[in-house]
Amino acid sequence: METQMKDLNSKPPVMPTPTPTPTHPPSHDDSSTKDDRPLLKPESTESIHEMEKKYAAYVRNDVYGVMGRGELPLKEKLLLGLSLVTLVPIRVVLAMFVLILYYLICRICTLFSAPNREDEQEDYAHLGGWRRSVIVQSGRFFSRSMLFVFGFYWISETYRIPNSQDKSEAKNQPEEPERPGAIISNHVSYLDILYHMSSSFSSFVAKRSVAKLPLVGLISKCLGCVYVQRESKSSNFKGVSGVVTDRVKEAHQDKSAPLMMLFPEGTTTNGDFLLPFKTGAFLARVPVLPVILRYPYKRFSPAWDSIAGARHVLLLLCQFVNHMEVTRLPVYNPSQQEKDDPKLYAENVRRLMATEGNMIMSDIGLAEKRIYHAALNGFLGQC
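- For the chain, the name recorded in an unreviewed UniProt entry is Phospholipid/glycerol acyltransferase domain-containing protein, with Acer negundo as its organism.
- Here is the UniProt Pathway (unreviewed entry) comment for the chain, exactly as written: "Lipid metabolism."
- Check the Sequence similarities (unreviewed entry) section of the UniProt entry for the chain; it says "Belongs to the 1-acyl-sn-glycerol-3-phosphate acyltransferase family."

This is the structure we're talking about:
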């Protein structure tokens, strides 16, 4: 699949880039890049309709309205009230049971075992034998169980060969594709993580604080998460990008090593758009596996775009049924030109995913999301 992109005849439309004024020069395009551009002050004179056009990738279009705080019809209020007193308590109890049970399994499997420590990271993903097998298999089962508790009773999975792929090229591909070093996915919700845990039990990039959380901290170490930290404590510290690159290479070369699961957009959208990819996932110059996630909905959108986390979880638990669709593309083998240019590699994978997932390519990013959130808070605060 070296030249999957060269025959793409239909390119997804690209949204125009808003032009917030930065106070600092753009930082390096990297998986650990932090965007420190300032927030928009609430006294913006833009109307909410103008903002929705400019920041379309973060706009909610479900019945709950802007930031999940819109006026609901009577029928929706009744359904919400009914689920609050019946469905939500049951799901909360079941979710806690699943989380605690898996934590206990992880605790037992890691007893008397020292975690792997390298470059100021700490994980149990390099355990071998029955311990690792139990952690992985039970982790996949309980992740799927958690999604079931949240109302994802069925998940539609599709394996697709891109229309742009040359047939003669497909015939020349080996029957057993080269092992990818990382899974590349669009980012719509925190639910994405549960799905990827259930399907591949891959490692993620997470904040350092996650490692210290009760219950979740140990589970993240068993996943082999790469923790983001701002400052280095050792002179030979590689940084998150260096650690991720090494882990991607290791996963590519060693079948027993955990795959890296990376969201190169760097933030979540409403699922209809695909933001620019950071290059951190592509610096290893090894094949990647593109996966596209969609959350079809009728009432509440599971996308975590412009809604507070607590409100999102509560409304999600109130939905009797939620839906998820997964599209898996073939392993993407980079050409030599893409290996030499990570930005080109990232952009070609992004364009392929946008085309096959019927998503709109947008040029906005995390800074614009912060601007939109600040503007919405100011707008709604004046209502």
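Still to come is the rest of the account.
1. Some details on the overall build of the chain
Link 1 in the chain: What the chain contains, in helices and strands, is 12 helices and 12 strands.
Link 2 in the chain: Out of the 383 residues belonging to the chain, those deemed buried represent 51%.
Link 3 in the chain: Accessible surface, the chain: about 19000 Å² in total, of which carbon and sulfur atoms supply 57%.

2. Some remarks on the UniProt feature "transmembrane region" (unreviewed entry) in the chain
Link 1 in the chain: Under the UniProt annotation, "transmembrane region" (unreviewed entry) lies at residues 78–105.
Link 2 in the chain: Helix makes up 96% of residues 78–105 and strand 0%, with an end-to-end C-alpha separation of 40 Å.

3. Observations regarding the nonpolar core
Link 1 in the chain: Counting residues in each nonpolar core, the largest one holds 56 residues, and the members touching the most others are Leu147, Phe150, Phe152, Leu191 and Met324.
Link 2 in the chain: Counting residues per element, the ones that place at least two in this core are helix H3 (87–109), helix H4 (129–149), helix H6 (191–199), helix H7 (216–223), strand S10 (288–294), helix H9 (309–317) and strand S11 (324–328).
Link 3 in the chain: It is H3 that contributes the most residues to this core, 7 residues altogether.
Link 4 in the chain: Filtering out sequence-adjacent residues up to four positions away, Leu191 remains in contact with Leu147, Phe150, Phe152, Tyr295, Pro302 and Leu316.

Cut-offs used in this document
Per chain, the residues get numbers from 1 upward, laid out in the order the sequence is written. The predicted origin of the model limits local features to residues at a pLDDT of at least 70 and limits the giving and counting of side-chain atom pairs to 80 or more, whereas totals for whole chains, interfaces and linings rest on all residues. Note that water and hydrogens are dropped before the side-chain values are worked out from all heavy atoms of the structure. UniProt positions are given in the numbering used here, feature names are shortened, and annotations may be inferred rather than shown by experiment. Secondary structure is summarised from DSSP: a helix means a run of H or I of at least four residues, a strand means a run of E of at least two, and numbering begins at the N terminus for each. For every residue, the accessible area (1.4 Å probe, protein chains only) is compared with the maximum for its type, and the residue is labelled buried under 20%, exposed over 50%, or partly exposed between those bounds. Computed with the Shrake-Rupley method and a 1.4 Å probe, the accessible areas treat only the protein chains shown as cover for residues. We call a set of buried residues a nonpolar core when its members are Ala, Val, Leu, Ile, Met, Phe, Trp, Tyr or Cys and they connect through side-chain atoms within 4.5 Å of each other. In what follows, a contact means two residues having at least one pair of non-hydrogen atoms within 4.5 Å.

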